[in-house]
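Listed below, chain by chain, are the residues.
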Amino acid sequence: MDIFSRLIRVFLGLDDSNTLAAIMPPQTLSIMEDDFMLKRKDRKAVEEGLQST
């Protein structure tokens, strides 16, 4: 899968962040998880939006 697509899927909570562990240093992955990934409530809103289209 394209790295950009995988990154977006991780940000949206559709894929586990560990799928990026092979291409990102652990510190970068940790920062990404803390600062950029959607929270559970926002993830649910995205999932509902995707299902309605």
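Computed from a predicted model, the values in this text were never measured in an experiment.

**Student:** Hey, could you run me through the nonpolar core in this one?
**Tutor:** One recurring pattern in soluble globular proteins: nonpolar side chains tend to sit buried together. Judged by nonpolar contacts, Val-10, Leu-20, Met-24, Leu-29, Met-32 and Met-37 together constitute the single largest core of 6 residues. Contacts of Leu-20, omitting those with residues within four sequence positions, involve Arg-6, Leu-7, Val-10, Leu-29 and Met-32.

**Student:** Sorry if this is basic, but what is going on with the packing of aromatic side chains here?
**Tutor:** Each aromatic ring pair is described using two quantities: the centre-to-centre distance and the angle formed by the ring planes. The tally for this structure, following the rule as stated, stands at 1 aromatic pair. Consider the rings of Phe-11 and Phe-36, whose centres lie 6.1 Å apart with planes at 50°: the pair is tilted. Linking Phe-11 in helix 1 (residues 3–11) with Phe-36 in the loop between helix 2 (26–35) and helix 3 (40–52), this pair joins segments that are 25 residues apart in sequence. Taking the relative accessible area as the measure of exposure, Phe-36 reaches 53% and is therefore exposed.

Criteria and thresholds
Residues numbered from 1 in each chain as written. Predicted model: local features only at pLDDT ≥ 70, side-chain atom pairs only at ≥ 80, totals over all residues. Heavy atoms only, no water. Core = buried A, V, L, I, M, F, W, Y, C linked by side-chain atoms within 4.5 Å. Buried < 20%, exposed > 50% of the residue type's maximum accessible area, 1.4 Å probe, protein only. Contact = heavy atoms within 4.5 Å. Phe/Tyr/Trp six-rings, centres within 6.5 Å; stacked < 30°, edge-to-face > 60°. Helix = DSSP H or I, 4+ residues; strand = E, 2+ residues; numbered from the N terminus.

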